[in-house]
Amino acid sequence: MKKIILASVLALSTGLAAAAFVGPNSAPLMTTVADAAKAADDVPVVLEGFIVKQIKGDQYEFRDNTGTIKVEIDHDKWPAQDITPQMKVRLSGKVDRSKLTGFEDIDVKLVEIIK
């Protein structure tokens, strides 16, 4: 019984926000800008790196050690703390592709500051 409770506590403390189903028929999780840029529409992503600048409105440029990519972060997805280009963040979301223009951006659902 103690092992079950301990396992539950550990699972909850490891960050459920980045959790997803992994199994038959599940999309692979992209973890780098280079992989995300080549991924199909709606593929889940969890990227770690830096938001380097605002492009316009809710569009930003994100960089990791494999390149840069455009991300869309709605105002209600930002944490309560300000984020600078020097702060490492984790973005969880999905690839957003247009049938007409190809790659659009990463639609971010969660922004976390990595300390």
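Whatever comes next refers back to the structure up there.
From a predicted model like this one, the values you see are computed outputs, not experimental measurements.

Q: Would you mind going over the overall build of the protein in detail, with residue names and values included?
A: Counting its secondary structure elements, the protein contains two helices and five strands. For the protein, the succession of helices and strands along the chain, N to C, is α-α-β-β-β-β-β. Residue burial in the protein is summarised as follows: out of 115 residues, 26% are buried. Put simply, 54% of the contacts in the protein that link residues at least 6 apart link residues at least 24 apart.

Q: Break down the side chain of Gln59 for me, citing the residues and quoting the values.
A: With respect to the helices, strands and loops of the structure, Gln59 is situated in strand E2 (residues 59-64). A relative accessible area of 12% means that Gln59 is categorised as buried. Side-chain polar atoms of Gln59 contact the side chain of Asp105, separated by 3.5 Å. Contacts of Gln59, omitting those with residues within four sequence positions, involve Gln54, Lys70, Val71, Glu72 and Asp105.

Q: I'd like a description of the sheet that holds strand E3 (residues 67-72), backed by residues and values.
A: Taken in spatial order, the five strands close into a barrel running E1-E2-E3-E5-E4, and their pairing is mixed. The average undirected angle you get between the axes of adjacent strands in this sheet is 55 degrees. The pairing of strand E1 (residues 44-56) with E2 spans five bridges and is antiparallel. Residue Lys56 lies in a different strand from E2, and its bridge partner there is Gln59.

Rules used throughout
- Residues numbered from 1 in each chain as written.
- Predicted model: local features only at pLDDT ≥ 70, side-chain atom pairs only at ≥ 80, totals over all residues.
- Heavy atoms only, no water.
- Helix = DSSP H or I, 4+ residues; strand = E, 2+ residues; numbered from the N terminus.
- Buried < 20%, exposed > 50% of the residue type's maximum accessible area, 1.4 Å probe, protein only.
- Contact = heavy atoms within 4.5 Å.
- Polar contact = N/O pair within 3.5 Å; in protein donor to acceptor, adjacent residues only side chain to side chain.
- Pairing = 2+ DSSP bridges.
- Axes fitted to C-alpha atoms, helices over the stretch in contact; angles between N-to-C directions.

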